[in-house]
Structures are given as C-alpha cells and as structure tokens.
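The residues making up each chain are set out below.
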Amino acid sequence: MRRRASLVLLALAVFCAALAPLLRWYAYPRLAKIPPNQYQEMVLEAKDATLLDYTGGMQPKKVDKVTIVQTLKGNVEASREIEASAGKDVVVWDTLSYIIGPDGKMVSQIPERYIFDAHTQDPVHATGEMVDGDAVKRQGIEFKWPFFTEPRDYLYFDAQTRTSSPIHYVGPRRFKGMDVYYFEQTIPWTKVAMPKKMPIEGIDPATIEAATGTTLWYTAKVRFWVDPVTGAPVNAEQDIQQEMRGGIASGGPDGKLTAFAGHVTMREDYSDYTVDLVKANRAKVLALHTYAPAGLAAGGLALLGLALWLEARGRRVRDDERVPRDDERVPRDGVSA
C-alpha cells in the first residue's frame, strides 16, 4: 500500500510541477487582459478655479468649483470588427469628458475613441481612432499602464495637444494603504484645437481663429499614482491652464485671456471606489501570475518529498521483513541451539 501511495503522490508532484510553468508562461499571458465590455465613470473637481464667463462679457472669473465627469465605455462590436483584421485581442474605449460650470451648465465636452491591445495596452491604429472628432494616431499609452508596470519613464499621449511625450517615473509612494508608482508629466505651453462643443449656441470653433485671430493655448502638470500590478491609476491630479491669445476676443495681438486655470483632483468617493476596484483586480492578477504557480511549485516539491519518504519507509519495512529473527537463525555448524 505504501508503494502504491508513493506512486500516486509522485504522479501528483509531476502534475503540479508541469502545471506551474504552464499557468505562468502560457495561461497568464492569454488570460490577463482588459475586458472589452468595461464601463467606468469618474468625477473630478477643480475647486477655487478660474473660468472664462462666455455669457458675461467674455471675462475670466473665480468660481467655487468646476466638475469634470469622465465616462468610459467598452465598445464590444467595434472591438470584434478590429480584431478580425488585427489578429489579436483589441479593446475599444469610447470616452467622454464632460465639463460642467458652477451653474450646472456645460462648458465643453470632448469625446475620444481609444483603441489598444487588450494584453499589452499598446495602441492599435484603426479607423475611428480620434479625439473630439479629429483623427489621431496615438503613440504610447493613455488612461492605463501595462500589467506589471516597470519603474521607468513611459511615452504618454495627451488628448489636448494630440501628441505623445515622456511621463517620468519619480519613485514609489504609499496611497491609501497601497504601494504604488508615482509619475509626472509637464506639458509646455502649446497651441491646441478649441473644443467643438462650446457653451454658446451657434459658435463654430473652427471659424473662431480665422474670423477673430484668437487661438487657444494650454499647459499642464499631470500626476498619476499607478498600481504596478494592474497598471491602473488609483489617483490622478492635474494643474491645468488654458489661455485665449491674440485677436479680438483677447484684446489685441498680444492679449491673453484665461479660459481655465485650476487644480483638478479626483472626488474622494470616486477615489475610494477606484482603490477598492484596483485592489480586487490586483488579487486576481497576482493569483494567476504569482500565487497559483508558486503554490503549485511548492506543492509539487512537498508531494515529491512525501512520496520519497513513503518509498524509503516502505523499503525499510520490506528489508526488516526479509531479515530472520534471532531465534530463527541457524548456527554455522547446523546444530540448533
């Protein structure tokens, strides 16, 4: 029975030893991916901000709060269409940044379509990739870092300028009980396109520059706290400034008019929800990437050790059974004692 049990344990040890690397290097790269049907909503706020009063003489004024509602919706149908030609798992996010003034009315809204590889988060270029209706070809990441983010700089896409530039790894941080990586990016003053949706009806932003000579400029300092396992930001802050420059609206060729200036942060309840969501997903990724393979490897070693112990014990018993007792031994002269 001991020999049979040791063989069974040995077979289980071999099974665990074979399954551990299979799970880590075959199953994990295929199963760890962003779901195509993800939906998420986020609310950010800029308190004590400066906002251009479009209906009150086109002058900037201090306001209590500007609210930015960001929605992210996975487009499953578009993902399947692109996957058919791309030959890999693709995620399509349709996002909308809806900016609300202190009076509850829309200031502007900017839609985006972000297309990326479900496993690596690298951008996938396909028809429909855009920001505010303008076709773009992203380089680098946006919204999310890769699984198992490395402590290094990444190329990050900025939707306002439609360009990519390095976002710098600053160092490790603690945020609400989590070990995270902290990144910063500073975008210098850059001429940008005006939002196509404006708070005044009948104004076509495409004709403002041509008709008045006024242009929109933008600068920002962006900060992200990123969970290195899932690559998901658990917190984000931005110092944003926008100016109308030149032309009639700004008071002349050298005129400047603040369109927006504020420190944008994630609302506290949405920050708590994001941290809880990331913690849950972090446990799933670690289970597939680390815990299960390591557990199987350790279990295989333990089973192997137990099988060898049972086999050695069984051999000692069989050897003892073959050795005659003292009263059964026959003397060398053949005479019984």
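Just so you know, these numbers come straight off a predicted model, no measurement behind them.

The next subject is the overall build of the protein chain. Secondary structure summary: the protein chain contains 4 helices and 12 strands in total. Here the protein chain holds 337 residues, and the buried ones make up 42% of them. Counting only carbon and sulfur atoms, one obtains 57% of the accessible surface of the protein chain, whose full area is about 18,600 Å².

With that settled, consider unusual backbone geometry. Apart from glycine, the bulk of residues carry a negative phi angle, and the bulk of peptide bonds sit in the trans form. Positive phi, close to 50°, is recorded for Asp 48, a residue that is not glycine. Topologically, Asp 48 is positioned in strand S1 (residues 39-53). Phi at Gln 121 takes a positive value of approximately 70°, unusual for a residue other than glycine. Structurally, the position occupied by Gln 121 is in the loop between strand S4 (106-117) and strand S5 (130-131).

Of all 12 residues that make up S4, 10 are buried, and the element is covered over most of its length. Where strand S3 (residues 90-100) meets S4, 11 bridges bridge the pair, whose relative direction is antiparallel. Among the inter-strand pairings, Trp 93 is bridged to a residue of S4, identified as Tyr 114. Connecting S3 to the next strand, S4, in antiparallel fashion are 5 residues, including Gly 104 with a positive phi near 85°. In this sheet, S5 lies alongside S4 in antiparallel orientation, the contact comprising 2 bridges. For Glu 112, the partnering residue across the bridge sits in S5 and is Val 131.

It is worth spelling out the nonpolar core at this point. With 42 residues, the main nonpolar core has Val 66, Trp 145, Phe 224, Met 244 and Phe 260 as its most contacted residues. Those elements that place two or more of their residues in this core are S1, strand S2 (59-74), S3, strand S7 (154-158), strand S9 (178-192), strand S10 (215-226), strand S11 (233-245) and strand S12 (256-266). The element best represented in this core is S1, accounting for 7 residues. With residues up to four places along the chain from it excluded, the contact list for Trp 145 reads Gln 121, Tyr 154, Tyr 156, Ile 167, Phe 183, Phe 224, Val 226, Thr 230, Gly 231 and Pro 233. Judged by nonpolar contacts, the second largest core, of 19 residues, contains Tyr 28, Ile 34, Trp 93 and Leu 288.

Here we come to the UniProt feature "transmembrane region" (unreviewed entry) in the protein chain. The positions that UniProt labels "transmembrane region" (unreviewed entry) are, in the present scheme, residues 291-310. In the segment residues 291-310, helix accounts for 100% and strand for 0%; the C-alpha atoms at its two ends are 28 Å apart.

Below, the discussion takes up a nonpolar patch on the surface. A surface patch of nonpolar side chains, amounting to about 560 Å² of accessible area, comprises Leu 7, Leu 10, Val 14, Leu 301, Leu 304 and Leu 308. Residue assignment for the nonpolar patch shows that the elements contributing at least two residues are helix H1 (2-31) and helix H4 (268-322). For Leu 7, the position within the fold is in helix H1.

So, about the sheet that holds S5. In sheet architecture, strand pairing relies on hydrogen bonds along the backbone and comes in two forms, parallel and antiparallel. As summarised here, the arrangement of the 12 strands in space is S6-S5-S4-S3-S2-S1-S12-S11-S10-S9-S8-S7, forming an open sheet in which the pairing is antiparallel. The sheet is open, and its two borders are formed by strand S6 (134-135) and S7, each paired with just one other strand. Sheet topology places S11 next to S12; 9 bridges connect them, and they run antiparallel. Paired with Met 244 across the strands is Leu 257, a residue of S12. Sheet strands in contact with helix H2 (residues 76-86) are S2, S3 and S4, and its direction is about 140° off that of S3.

Along H2, the residues that are buried comprise Ala 78, Ser 79 and Ile 82. Looking straight down H2, one finds that the buried residues subtend no more than 100° of arc, so they occupy a single side. Facing away from the buried side of H2, by more than 90 degrees, are the exposed residues Glu 77, Arg 80, Glu 81 and Ala 84. Residues of H2 that are buried make contact with S3 and S4. In the stretch just after H2, Gly 87 is the one whose phi turns positive, near 75°.

This part takes up the pattern of salt bridges. Here the structure, examined in full by the defined rule, presents 19 salt bridges. Close ionic contact of Glu 129 with Arg 138 constitutes a salt bridge, the shortest N to O distance being 3.5 Å. The buried category is assigned to Glu 129, whose relative accessible area is 3%. Lys 221 serves as the salt-bridge partner of Glu 184, at 4.0 Å between the closest nitrogen and oxygen. Taken as a pair, Glu 184 in strand S9 and Lys 221 in strand S10 lie far apart in primary sequence, 37 residues in all. We classify Glu 184 as partly exposed; its relative accessible area is 21%. Through salt bridges that share partners, Glu 112, Glu 129, Arg 138 and Glu 142 make up one connected network.

Parameters at a glance
Residue positions are given per chain, counted from 1 along the sequence in the order it is written. This being a predicted model, a pLDDT of at least 70 is required before a residue's local features are given, and a value of 80 or more before pairs of side-chain atoms are given or counted; all residues contribute to the totals for chains, interfaces and linings. Side-chain figures throughout are based on the complete set of non-hydrogen atoms in the structure, without hydrogens or water. Comment: elements are numbered from the N terminus, with helices defined as DSSP H or I runs of at least four residues and strands as E runs of at least two. Think of it in three bands: residues with accessible area under 20% of the maximum for their type are buried, residues over 50% are exposed, and the middle band is partly exposed, with areas taken using a 1.4 Å probe on protein chains only. Using a 1.4 Å probe, accessible areas were evaluated by the Shrake-Rupley method; residue-level cover was limited to the displayed protein chains. By definition, two strands form a pair when at least two bridges between them are found by DSSP. Among the buried residues, those of types Ala, Val, Leu, Ile, Met, Phe, Trp, Tyr and Cys that are joined through side-chain atoms within 4.5 Å form a nonpolar core. Here, residues are in contact when the closest pair of their heavy atoms is within 4.5 Å. UniProt positions are given in the numbering used here, feature names are shortened, and annotations may be inferred rather than shown by experiment. For patch building, the residue pool is restricted to those with more than 30% relative accessible area and no salt bridge; the joining distance is 9 Å between like charges and 5 Å between nonpolar side chains (Val, Leu, Ile, Met, Phe, Trp, Tyr). Any Lys or Arg side-chain nitrogen located within 4 Å of an Asp or Glu carboxyl oxygen qualifies as a salt bridge. Only the contacting stretch of a helix is used when fitting its axis, a line to C-alpha atoms as for every element, and angles between N-to-C directions run 0 to 180 degrees. Regarding the arc, it is the one traced by the directions from the helix axis to the C-beta atoms.

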